[in-house]
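Summary of structural features
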Amino acid sequence: MKIRQLRRWAIGLVAGLAAVGAQARPNAEPVKTDPGNATIVLTGGNVVGIDGEGAIRDAVVVIHGDKIVAVGPAGSVTVPQEARIVPMDGKWLIPGLMNMHVHLGLKLPGAEGAALASETDPELALRMAANARKSLLSGVTTVRLVGESHGVDFALRRAIQRGEVIGPRIKTAGEIIVPTGGHGSLETDGPYGFAHAAREQIKQGADWIKIAISGGIADTHGSIAAAPMTDEELSTLIEVAHRNGIPVTAHNGSPAAAEQSLRLGIDCFEHGYYLTEANLKEMKAKGKWLVPTIVVSQAGAREFYKKIGSPEWYLERVDSTGQEHWKMLQTAIRMGVNIALGTDQFPYEPNGGTTATVAEAELYNKAGMTPLQALRAGTVETARLLRIEDQVGRIKPGLYADIVAVEADPTADISALRTIDFVMKNGVIYRDDAHGVMAD
Ligand SMILES: [Zn+2]
């Protein structure tokens, strides 16, 4: 142990000096966002057994272009001659983390939100780009955006795909479609209104449709427990989305709205604050999804809301909702409902001494998941929710090279995720603290 620490210290020192050297060089090479035909080989790390098959110790992971081409113990995998070798020095390699409830343009009630009240779209675009970069560097390689505005999310997704902006892989639901007075920005009424709004989002490139079928913690009117949409509105919207091959998720805290929308074929719920055992039982039976965003209602959130200057009434609502939310999550885990990790805070937002994404995984573990289940909730399960298991979510040949490294085995202790210091997306290393790499 001592020797390993000493070795790490020495490597850190060399990396530190290299980083200083890089800063001193005016023409230091920036991180290229296109992996081209390069071959990178990660050596000397341990690949976590994400399907419970046990870890690969002293692993070799070969990446060609943006894909993983080989994974195995040292000696069993041929290392191509032209490859760039990146030593992982005993670190643990996990699939890139995925966060399924993100608003890169998030504004909340309070002083910080008020300061953004007159934000223009160009300002919003730049702020979202900065948030995308920070999200990626925190270890989150894929996000699902569930409510942005004015089409900036579609523009940002294109800019990231073109390599103009650094950020995670984006799946987006566009704007939140709601009945007048609902918890979202795109208001409409009647079945035709909802059909039109859904088709508009799909036309712009939405991968999901997001609606709000109940109120939220931040609302000053209406009840979280109400179900304000009519059957006709909800069923028309779901039918239109499904006919286009697009799934529908709903902001929902209401048992009545859950019962109604499950009957009409909804795919996923966000938050689920007050869902009952009967709701969860039906979700389990139908294979529906829950994205808990438990971090928004627990102790770490209070600290955060205070920091951003949220009013006292809001903090009180967070506390009372939090207790029910926690019980609901414990029940959902016990019943084996499909759970995909999402935070409703920026993926990198400080929360409980780590990031919101990692805090969310730790809370799943505390609420009843094993560390492996908590890790899967943010990798394998999220890929399954997005229906892209054939592309991401595992460190496996044929998949995109989205790989994060941590200091210890997160399937033994989920808090190992607090030590993320290496981030690769699509075969490009955006962050490698040990070797002084940090994309700017
Ligand atoms: Zn949200």
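I will try to describe carefully the structure that is included in this document. (Residues numbered from 1 in each chain as written. Predicted model: local features only at pLDDT ≥ 70, side-chain atom pairs only at ≥ 80, totals over all residues. Heavy atoms only, no water.)

1. A few points about helix H4 (residues 152-161)
What counts, and what does not: Using a 1.4 Å probe on the protein chains alone, a residue whose accessible area is under 20% of its type maximum counts as buried, one over 50% counts as exposed, and one in between counts as partly exposed. Working definition: helices are DSSP H or I runs of at least four residues, strands are E runs of at least two. Numbering for both runs from the N terminus. Residues count as neighbours in contact if any of their non-hydrogen atoms are within 4.5 Å of one another.
Where burial is concerned, most of H4 is hidden: seven out of the ten residues are buried. The complete set of buried residues in H4 reads Val 152, Asp 153, Phe 154, Leu 156, Arg 157, Ala 159 and Ile 160. At its buried positions, H4 is contacted by helix H3 (121-137), strand E7 (140-145), strand E8 (169-172), helix H5 (190-204) and strand E19 (422-425). Looking one or two residues past H4, Gly 163 carries a phi angle of roughly 80°, positive in sign.

2. A few points about the coordination of the zinc ion
Where we set the bar: Atoms of type N, O and S within 2.8 Å of a metal are treated as its donors, and for Na, K and Ca the window is 3.2 Å; water is not considered, so some sites may appear to be missing partners.
Note on the zinc ion: its protein donors are His 101 (NE2), His 103 (NE2) and Asp 344 (OD). The metal-donor distances range over 2.0 to 2.3 Å. Sequence positions of the residues that donate to the zinc ion give the spacing H-x1-H-x240-D. You can call His 101 buried: its relative accessible area is 1%.

3. Concerning H5
Let me state the cut-off plainly: The span one expects for a helix is its residue count, reduced by one, times 1.5 Å.
Relative to the 21 Å expected for 15 residues at 1.5 Å per residue, H5 spans 22 Å between its end C-alpha atoms, a close match to the ideal helical length. Residues of H5 that are buried: Pro 191, Gly 193, Phe 194, Ala 195, Ala 197, Ala 198, Gln 201 and Ile 202. In this fold, the buried residues of H5 make contact with H4, strand E9 (177-179), strand E10 (186-188), strand E11 (209-212) and helix H6 (231-243). Positive phi appears at Gly 205, one or two residues downstream of H5, with a value of about 120°.

4. Comments concerning empty space enclosed by the protein
One water molecule sets the probe size; rolling that probe over the atoms shows where empty space is left. For clarity, the threshold we go by: The definitions used throughout rest on a 1 Å grid laid over the protein atoms alone, on which a cavity is an enclosed set of points accommodating a 1.4 Å probe that cannot get out and a pocket is an open set flanked by protein within 12 Å on both sides along at least five of seven lines; lining residues are those having an atom within 4 Å of a point. Grid points are joined across faces, edges and corners, and a volume is the space filled by probe spheres set on the points. Residue type decides the class: Asp, Glu, Lys and Arg count as charged, Ala, Val, Leu, Ile, Met, Phe, Trp, Tyr, Cys and Pro as nonpolar, and the leftover types, Gly among them, as polar.
As enumerated under the stated definition, the model contains one cavity of 30 Å³ or more in all. Space inside the largest cavity adds up to approximately 50 Å³. Contributing to the lining of the largest cavity are Leu 97, Met 98, Leu 341, Thr 357, Val 358, Ala 361, Ala 374, Leu 375, Gly 378 and Leu 417. Broken down by secondary-structure element, the contributors of at least two residues to the lining of the largest cavity are strand E6 (97-102), helix H11 (356-366) and helix H12 (371-377). Tallied by class, residues from the lining of the largest cavity come to eight nonpolar, two polar and no charged.

5. Section: the environment of Gly 49
Within the secondary structure, Gly 49 sits in the loop between strand E1 (39-47) and strand E2 (56-64). Judged by relative accessible area, Gly 49 falls into the buried class, the value being 10%. As a C-alpha pair, Gly 49 and Lys 396 span 347 residues in sequence and 11 Å in three-dimensional space. Once residues lying within four places of it in the same chain are set aside, the contact partners of Gly 49 are Gly 54, Ala 55 and Leu 372.

In short, geometric facts, not functional conclusions.
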